[in-house]
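Chain and residue survey
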Amino acid sequence: MHAAPAAFGTAAQIADDVSSGTTTASAVVEQHLARISEHEGDIHAFNLVLAEEAREAAAAIDERISAGDEVGPLAGVPVVLKDNMCTRGVETTCSSRILKGWKPPYSATVADRLTDAGAIVVGKANLDEFAMGSSTENSAFGPTHNPWDLEKVPGGSSGGSAAAVAAGFAPLSLGSDTGGSVRQPASFCGIVGVKPTYGSVSRYGLIAFGSSLDQIGPFSTTVEDAALSFEIIAGHDPLDATSAPEPALPVRSKLDAGVEGLRVGVINEMNGSVIEGLDADVLARSRAAAEALAAAGAIVEECSIPSSVYGLSAYYMVAPAEASSNLARFDGVRYGLREDGPNTALMNQASRTAGFGAEVKRRIIVGTYALSAGYRDAYYGKAQRVRTKIIDEFNAAYKNFDVLLSPTAPSTAFAMGDKTADPMMMYLNDVCTIPSNLSGQPAMSVPFGVGDDGLPIGVQVLAPLMGEVVMFQVAAELERAAGGAA
Amino acid sequence: MRHEPSLPDDWELVCGLEVHVELSTATKLFCGCANQFGSEPNTNVCPTCLGLPGSLPMVNESAVTDAMRLGRALNCTVLPSVFARKNYFYPDMPKDFQTTQYDQPTNDSGWLDIPTGERIGVERAHIEEDTGKTTHVGGDGRITSAQYSLIDYNRAGVPLVEVVSRPDIRTADEAKQYVSELRGILLALDVSDARMEEGSMRVDANVSIRPVGSDELRTRCEIKNINSLSSLGRAIAHEANRHLDLYTTGDAPVQETRHWDEESGRTRSGRRKEDSDDYRYFPEPDLTPLIPSADELDAIEAGLPVFPAEQRSRLAEAAGIEPTAASLIVDRGDADFALASIDAGADGARVVVHLDNNLADGIGKLTPASFAELVGMETGGALSATQTKDVLAEMVTSGQSAADIATARGFEAMDTSELDSMVDELIANHPDEWSRYCGDDEGDAKKMAGFFTGQIMKATKGQADGKVVAQLLNARK
């Protein structure tokens, strides 16, 4: 069995044990490294395993503990970073040939915050190239396999980060979510995945895909671990102009509060009535989740976000438009792959042709077109208007509800190669997750049982801007309900 | 140098200017790197201004304040504004897009009054980042044929304000006055060095012509690579004549960018605009809109300095001269000194003459009080014009008082009775010259006046006052 979430304890347990001296950071790291060397060959969660660096960091933590120093709330906890987050002096590739070998001279804010809290980075996780995809099959360095079934995809684009946690390589990892890239792989891999409020977690050092949509969030095996890590990575960062001024929200404060009296809206459009292509077992688990919350005392009613059906179309204009600009800098001039050419323009062209994969090129072309003179208003402009409408509809819904509920992904993990031939089929994976990226509001996926194929299914809890406290509160209740059912 | 004739009376110039002003902030627009000219290449750089993957911009607030102050100086409305990305590939632009402003600039619709009294409209003054600097090596020095190129990113991310005028400029001289006036405003605001030769102020001219009386806007050409005020005038005049030649031979200009070539005094064709780049502008998602508060705007308004136009009219009034005659002093930044000297009792006309003619290299150690003392000695007859000039030169370098220098040099005004007898003696010794002086031939009389004055000056070693000598000669006619 490859799936073994929290094989050596949750992050909270490990940090307690390491801080209290019950175990050492070095022992924890060795356990996880051993598991990685045993199963990584089958799963390919990593672009890079940082075994030596992790051992050194663990030894340093242990030394500080024996010296009686304060070591932080994630002391000795192995963590995995998606390979689109910069790590000083450590190769950061975005799973792209164009960045192969590039070592950033600085670290992402989230990486610094985790290590400052005592966490130990054990590797850089595979992803769909530049986070563009829903299966981690678009990696230049080969696909990642789902630990529950190696023939199945782990989801994407943060498939490596999700698979690493599901396989027990680390209790905690970070992914980035532009259209569902944390929540969908969390659903496929049977773990918790969070897309925080836009601006609550710094994007400094995250290699941009769609800058107005990108948000970093944690993967974990428990809601508590997700909350613990969120409190560490969230909070204002003076290096990111879109960073919210507030400190991190105290999301662990209400995990045990229950849902008595909370108003939960079940999104009509995502429960089979409007958006097509959601599998019956997925819809069944989503209904079961609603029933479980009702049983726990929540007031559960249907609600409607009518424009959410246009979310996918709007997203596939806005995200590629921003990507076409964000990815212009990979031109062979300053870093990364350079293919020679007779002049600068042809060198740029040759480098980009050789360096980018097919999906990245497709989105650059779509985005370039969407912003072109004469088309900009019809495509990019209209998409932004849809976005405004979705925000208005969500805000209207949150006048009546504390949180909303929906399936995370239309299906369980699908077979590798199943959807690679048809980009539209692949894009449909994000139909339930995209509206939250467009609105900037938080959402998270919580495992809630399995499908007809025995593979995990997640349900999605959505909340208003900066509504993470109630979102985690409801997620914790679903976790208890799912545990009781299992 | 080629001489460019003026357009014939039935044609007129239609010209608008785009002026890029480098702000002299301590740091760059979006990062903390030093904004410094002349450092070793690629030393004032960081992940953000190198556009490294994952880096993000943070807005330099003092650059925004400087830009808003400039906007108010140009009578613009300061509005909530949004940064936008202008997308195109060029190796000296680290992100392959320029962060600028597009449909929501910081400063909208103002004007600039030039000394002739004309009002030139300002369409907008927006904030953007500068690019790096590329040196192409080999080939003809252009990117297309170079063997290799060297890039210095020190300038990448330096804050610029682009001031875009309306096509209200009708002569090459107005264009020069507009730029000169803008430069004066920038210096008064202390927001830029505004040196065209060093590139901290770069001027592109959009030039077209049309028959007088028409209000059409004909095909324009954008002239780049203009490195001085005099080149600006020549380039515009040349381009206008080139258009005239085309129209009068039944041809027409094409819309394009043209480069001014200083040596040949001509513009040569650059990039055609008809297949111009599509810059795919969209709002910069990494930055939030700039929304100035009422307090901020009030503080900007209250902190604006006195601008050149106002300085000219104040000085003109104080000195009793035409405002245009005050231009040189104002442009040199000496207006406050001139006004203070007049306040201290100096004769306004003499203050203007000395500043215009004898203090071109700066006022050095002069103070308004010491200068006023000197001018007082001159107008009171204690020093001749020549002596005043000598004393002034020494005051600039030594800082000593006029009286001390005059005493040390033995400058004392001759008394008139002494001069009287000298003049009489001179006339007696030169009867022929005297009769020519008194004759009808005005030119010859003038020559002889010079002769007599020169002789007296020689005899008195320059201590005599030329004006007094002239009066004495005239009285004996």
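What you see is a predicted model, and the numbers here were worked out from it, not measured in a lab.

Cut-offs used in this document
- Residues numbered from 1 in each chain as written.
- Chains lettered and ligands numbered in written order.
- Predicted model: local features only at pLDDT ≥ 70, side-chain atom pairs only at ≥ 80, totals over all residues.
- Contact = placed C-beta atoms within 7 Å.
- Helix = DSSP H or I, 4+ residues; strand = E, 2+ residues; numbered from the N terminus.
- Nonpolar A, V, L, I, M, F, W, Y, C, P; charged D, E, K, R; others polar.
- Pairing = 2+ DSSP bridges.
- Axes fitted to C-alpha atoms, helices over the stretch in contact; angles between N-to-C directions.
- Domains from an automatic or database assignment.
- Parallel < 35°, antiparallel > 145°, perpendicular 65-115°, else oblique.
- Left-handed = near helix turned anticlockwise from the far one by under 90°.
- pLDDT = per-residue confidence, 0-100.
- Core = buried A, V, L, I, M, F, W, Y, C linked by C-beta atoms within 7 Å.
- Buried ≥ 20, exposed ≤ 12 C-beta atoms within 10 Å, placed from the backbone.

Quick look at the interface of chain A and chain B
- Contacts between the two partners involve 33 residues from chain A and, on the opposite side, 28 residues from chain B.
- The dominant element in the side of chain A that touches chain B, judged by the number of residues it contributes, is helix α9 (residues 311-326) of chain A, at 3 residues.
- Taken together, the residues that form the side of chain A that touches chain B break down as 17 nonpolar, 10 polar and 6 charged.

Side note on the sheet that holds strand β9 (residues 403-407) of chain A
Residue and element names in this part refer to chain A.
- Read from one edge of the open sheet, 11 strands run β1-β3-β2-β4-β6-β5-β10-β11-β9-β7-β8, paired in mixed fashion. Either end of the sheet is taken by a strand with one partner, and the two such strands are β1 (46-49) and β8 (299-303). Looking at each pair of strands side by side, their axes are set apart by 30 degrees on average, direction ignored.
- In this structure, β1 lies alongside strand β3 (residues 120-125), joined through 3 bridges in antiparallel fashion. Its bridge partner lying in β3, V49 is registered against G123.
- The strands touched by helix α2 (residues 25-43) within the sheet are β1, β2 (78-82) and β3, with β3 carrying the most contacts at an inclination of about 20 degrees.
- In the packing of helix α3 (residues 51-66) onto the sheet, the strands contacted are β1, β2 and β3, and the crossing angle to β3 comes to about 160 degrees.

Concerning the domain arrangement of chain B
Residues and elements named next belong to chain B.
- Taken as a whole, chain B is organised into domain 1 (11-301), domain 2 (308-408) and domain 3 (416-475).
- The gap between the C-alpha centroids of domain 1 and domain 2 is 38 Å.
- Here the side of domain 1 that touches domain 2 gets 6 residues from one element, more than from any other, and that element is helix α2 (residues 172-189).
- Its residues assigned to classes, the side of domain 1 that touches domain 2 comprises 4 nonpolar, 2 polar and 2 charged.

A word on the packing of helix α7 (residues 335-343) of chain B against helix α9 (residues 368-379) of chain B
All names here are of chain B.
- Two elements in contact, α7 and α9, have axes whose closest approach is 8 Å; the angle formed by their N-to-C orientations is 55 degrees. Regarding the angle of α7 to α9, the classification is oblique. By crossing handedness, the relation of α7 to α9 is classed as right-handed. Where α7 approaches α9, its residues F337, A340 and S341 are matched on the opposing element by P368, F371 and A372.
- In the contact of α7 with α9, the residues fall into 5 nonpolar, 1 polar and no charged.

As for the sheet that holds strand β14 (residues 282-283) of chain B
Residues and elements named next belong to chain B.
- Read across the open sheet, the 3 strands follow the order β4-β3-β14; overall the sheet is antiparallel. In this open sheet, the two edge strands, each paired with only one partner strand, are β4 (97-101) and β14.
- Direction of pairing for strand β3 (residues 83-87) relative to β4: antiparallel, over a ladder of 5 bridges. When the bridges of β4 are listed, F83 appears paired with Q101.

Digging into the confidence of the model for chain B
- Taken residue by residue, chain B gives an average pLDDT of 91. The fraction at 70 or more is 97%.
- Reported confidences for the modelled complex are a pTM of 0.89 and an ipTM of 0.96.

Concerning the nonpolar core
- Counting residues in hydrophobic clusters, the biggest one holds 165 residues, and the most contacted among them are I120, V403 and V461 of chain A.
- Examining the composition of this core, we find that 9 residues originate from one element, α9 of chain A, more than from any other.
- Contact partners of V403 of chain A, with chain neighbours within four places excluded, come to L262, V264, V461, L462, A463, V470, M471 and V474 of chain A.
- Listed in part, the 61 residues of the second largest apolar core include V14, L112, I120 and L186 of chain B.

Brief notes about the packing of α9 of chain A against helix α11 (residues 358-370) of chain A
All names here are of chain A.
- Direction vectors running N to C along α9 and α11 enclose 100 degrees, while the axes themselves pass 7 Å from each other. It follows that α9 is roughly perpendicular to α11 by the angle criterion. Where α9 abuts α11, its residues M317, P320, A321, A323 and S324 lie against R363, I364, V366, G367, T368 and A370.
- Along the lines of polarity and charge, the residues of the contact of α9 with α11 split into 7 nonpolar, 3 polar and 1 charged.

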